[in-house]
Amino acid sequence: MMKGLKKWRLFSMLAALVFFLAACGQEQISTLTPRGPVASEQFDLLILSTAIMTFVIIVVVVIYVLALMKFRRSKVGENTIPEQVEGNTKLEIVWTIVPIILLLILAVPTVWLTYKQAEVSGMEQVDEEGNKTALTVNVTAKLYWWEFEYPDLGIVTAQELVVPTGEKVYFNLKAADVKHSFWIPSIGGKLDTNVENVNKFYLEFDKESEGLKDGVFYGKCAELCGPSHALMDFKVKTLSPEDFDEWVAVAQEEVPAPSEESEDLGEQLFVSNSCIGCHATSGVAAANQRGPSLATFGDRNRIAGFLEHNEENLKGWIKNSQEYKEGNLMPVYPDLTDEELNALAAYLMGLSVENRE
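All of these numbers come straight from a predicted model, not from anything done at the bench.

Caption draft 1: Structural detail: the sheet that holds strand β7 (residues 188-193). Taken together, the 5 strands give an open sheet; going across it, the order is β4-β10-β9-β6-β7, and neighbouring strands pair in mixed fashion. Taken across any chain shown, the strands that pair with only one partner, and hence form the sheet edges, are β4 (160-164) and β7. In this sheet, neighbouring strand axes are inclined to one another by 25° on average, regardless of whether the strands run parallel or antiparallel. Taken together, the 4 bridges between strand β6 (residues 180-184) and β7 define a ladder with antiparallel strand orientation. Across the sheet, the residue bridging to Ser181 is Asp192, located in β7. Sitting on the sheet, helix α5 (residues 241-251) is in contact with β4 and β10 (233-239), with an inclination near 130° to β4.

Caption draft 2: Structural view of the pattern of salt bridges. Applying the stated rule across the entire model yields 10 salt bridges. The residue Glu124 makes a salt bridge to Lys132 at a minimum N-O spacing of 3.8 Å. Relative accessible area serves as the criterion here: at 49%, Glu124 is assigned to the partly exposed category. Between Lys220 and Asp233 there is a salt bridge, with its nearest N and O atoms 2.9 Å apart. Of this pair, Lys220 sits in strand β9 (residues 217-221) while Asp233 sits in strand β10; the two residues are 13 residues apart in sequence, bridging distant segments of the chain. Overall, the relative accessible area of 25% leaves Lys220 in the partly exposed class. In this structure, a network of salt bridges that share partners links the residues Glu160, Lys237 and Glu354.

What counts, and where the lines are drawn
- Residues numbered from 1 in each chain as written.
- Predicted model: local features only at pLDDT ≥ 70, side-chain atom pairs only at ≥ 80, totals over all residues.
- Heavy atoms only, no water.
- Pairing = 2+ DSSP bridges.
- Helix = DSSP H or I, 4+ residues; strand = E, 2+ residues; numbered from the N terminus.
- Axes fitted to C-alpha atoms, helices over the stretch in contact; angles between N-to-C directions.
- Contact = heavy atoms within 4.5 Å.
- Salt bridge = Lys/Arg side-chain N within 4 Å of Asp/Glu carboxyl O.
- Buried < 20%, exposed > 50% of the residue type's maximum accessible area, 1.4 Å probe, protein only.

What follows is the structure in structure tokens.
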């Protein structure tokens, strides 16, 4: 008796825990709080499938309980065998047709939505002057960071995707090394990035990220890709169309290349330590650099995708990045002095599009 009570207490506790945890989703990262048409459509499909499964469970449980209560031994006796329904044509028809109907209810909207969200012909539409009418972003996943190229705008950034609200944004997804998966939980489902082919899809962002916690939506790699897979994050800033146009105009401006002749010690160190060989400091640099573009480094929400954005964490990262992200390809610089680290960190924090003078 006591064992049975303990089991029911445990079950009740788990059920209550599930109920309370269901409200723990945050809108910048949860699939349960969709913030775009694509995510909302997928969420509706999730609700439909959950409703169908719940209906099936309830029906089965009700039939089981009714049978258990009606034919319990204390009521019908030890030697009574309930009427057998094997070969009952009506029942056979019912439990064949009902699952087919339920599958059709789920399959039809699933197939329709799959084809609808795979439609990317709008990516190629042009206006009377031959300019693309839709924003396209080429996403390249690398161990363990993300490159974002805006091919029609001539801009390349990394780690932080900037997009406008209120319109479809098309994506070309590929990987530079191993398979990854591009996922912004609040905005839409994940899609793999492969080495051998390009996957295409679109997302829509209907809310500016400024009012969110940290001011960004969270994106992640959703495919196990190596020892630091869990840290392969990126962030998404969503701006009004007007603010996005302003961001584009500033990002397209040419900036002087770092020089060892500069009076800024941090800039000198950036060149002398060959950082410039892997990292671009201009938003209009070529894509497919060995390391992430630093053109918007000062604007980012995180360092390396997950560390708080401050100079102390940046200095730790420069000195020994392997301590933070095992397996990343950035060299370590343990011999830099505190003065050099301070100067280099200050220089990198000053690389900005949003606050460019």
